[in-house]
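Chain and residue survey
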Amino acid sequence: MKRQRVIFLLLALTALIWSTRLPMTIPADASEPLEEETKFVALTFDDGPRSDTTPRLLDGLRERGASATFFLVGQQLAGNEALVQRMKDEGHQVGNHTWSHVELQGATEATVRTEVGKTDAALTAILGEGEYWVRPPYGLLDSEQQKLFSVPLVHWYVDPQDWKLRNTDADVKAVLSKVQPGDIILMHDTVPASVDAALRIVDALEAKGYQFVTVKELLALYGVTPKAGTMYRSAEVVAEY
Ligand code: NI
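Residues numbered from 1 in each chain as written. Predicted model: local features only at pLDDT ≥ 70, side-chain atom pairs only at ≥ 80, totals over all residues. Heavy atoms only, no water.

**Considering the packing of aromatic side chains**
Going through the model one piece at a time under the given rule, you end up with one aromatic pair. Centre to centre, the rings of Phe-45 and Phe-70 are 5.4 Å apart; their planes meet at 25°, and the pair counts as stacked. A residue pair is termed long-range when its members are at least 10 positions apart, and Phe-45 in strand S1 (residues 39-46) and Phe-70 in strand S2 (residues 68-72) qualify at 25 residues. Phe-70 matches Phe-45 in its accessibility class, with the two residues each being buried. Of note, Lys-178 hangs over the ring of Tyr-157, and the distance from its end group to the ring centre comes to 5.1 Å. (Phe/Tyr/Trp six-rings, centres within 6.5 Å; stacked < 30°, edge-to-face > 60°. Helix = DSSP H or I, 4+ residues; strand = E, 2+ residues; numbered from the N terminus. Buried < 20%, exposed > 50% of the residue type's maximum accessible area, 1.4 Å probe, protein only. Lys NZ or Arg CZ within 6 Å of the ring centre and 35° of its normal.)

Pasting the structure below:
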């Protein structure tokens, strides 16, 4: 008798759980999304790689399941090959930030070709054939110069001026007060305070339903077909000169 009662109670309990759970699988209102829409954003890091700051950023991004885009300076690649390979292996996008971080705007065509070409060759030597998108230093380029590029160009929409502030709290505030889905955020993995800020930004935005993707992924997710020589500031805004 005792065992029968236990079985009855278990059956009753199971029925109760089913009756309360079942309705939850049916949307109460079809116009209401079941879960919050995912918002995508692209974190980009310029001026690296730097052996004493970049690995900590990569560790933090990996822990958080976040992807980013790194625009690397060619003359800093020697000795950091393993770090660059790690970026690619961990799903990040690797891009070109010229050989010597020279301002390209106003420079000769030969300078543009050398600065970009040397870095492209060095990245190809480390990572193999690929499309290494370009971010011109300071985001500056003449509109005529844009035609020289065979890959898309990347500007930014959110610039916390982290290289100048060198203050984690200020960086975090500057980004969180401005960022919108589809934005490209500019930061520098060469600055220790920026590494801390970037990881706090990832935590804060992931909690709000954001997902961190590469620039290439961001454009694809928003249905943008990237074009060579076009400068992108966000998934929706093309830089105009
Ligand atoms: Ni730079």
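Now that the structure is up, let's keep going.
**Thoughts on the coordination of the nickel ion**
Within the protein, the atoms that donate to the nickel ion are Asp-47 (OD), His-97 (NE2) and His-101 (NE2), at distances of 2.0 to 2.2 Å. Positions of the donor residues of the nickel ion, expressed as sequence spacing, correspond to D-x49-H-x3-H. Judged by its relative accessible area of 1%, His-97 falls in the buried class. (Donors = N, O, S within 2.8 Å, 3.2 Å for Na, K, Ca; no water.)

**Quick notes on the side chain of Ser-194**
Of note, Ser-194 is situated in helix H8 (residues 192-207). A relative accessible area of 0% places Ser-194 in the buried class. A polar side-chain atom of Ser-194 sits 2.7 Å from a polar atom in the side chain of Asp-162. Other than its neighbours up to four places away in sequence, Ser-194 contacts Asp-162, Asp-171, Met-187 and His-188. (Polar contact = N/O pair within 3.5 Å; in protein donor to acceptor, adjacent residues only side chain to side chain. Contact = heavy atoms within 4.5 Å.)

**So, the nonpolar core**
Among the nonpolar cores identified, the biggest contains 34 residues, and Leu-43 and Phe-70 are the most heavily contacted of them. Contact partners of Leu-43, with chain neighbours within four places excluded, come to Ala-68, Thr-69, Ile-185, Met-187, Ala-198, Val-202, Phe-212 and Val-213. (Core = buried A, V, L, I, M, F, W, Y, C linked by side-chain atoms within 4.5 Å.)

**Here we look at H8**
Between its terminal C-alpha atoms H8 stretches 23 Å, which fits the 22 Å expected from 16 residues at 1.5 Å a residue. Of all the residues in H8, the buried ones are Ala-193, Ser-194, Val-195, Ala-197, Ala-198, Leu-199, Ile-201, Val-202 and Leu-205. Immediately downstream of H8, the backbone of Gly-209 shows phi near 95°, a positive value. (Expected span 1.5 Å × (residues − 1).)

**Some thoughts on the confidence of the model for the chain**
Of all residues in the chain, 84% attain a pLDDT of 70 or more, and the chain-wide mean is 90. Taken together, the stretch residues 16-28 has pLDDT below 50 and engages in two contacts with residues farther than four places along the chain or on a different chain. (pLDDT = per-residue confidence, 0-100.)

**Points about the packing of helix H7 (residues 168-176) against H8**
Running from N to C, H7 and H8 point in directions that differ by 40°, and their axes come no closer than 8 Å. Classed by the angle they form, the pair H7 and H8 counts as oblique. Crossing handedness for the pair H7 and H8: right-handed. Every residue of H8 that contacts H7 at Thr-168, Asp-169, Asp-171, Val-172, Val-175 and Leu-176 is listed here: Ala-193, Ser-194, Asp-196, Ala-197, Arg-200, Ile-201, Ala-204 and Leu-205. Here the contact of H7 with H8 is composed, by residue class, of eight nonpolar, two polar and four charged. (Axes fitted to C-alpha atoms, helices over the stretch in contact; angles between N-to-C directions. Parallel < 35°, antiparallel > 145°, perpendicular 65-115°, else oblique. Left-handed = near helix turned anticlockwise from the far one by under 90°. Nonpolar A, V, L, I, M, F, W, Y, C, P; charged D, E, K, R; others polar.)

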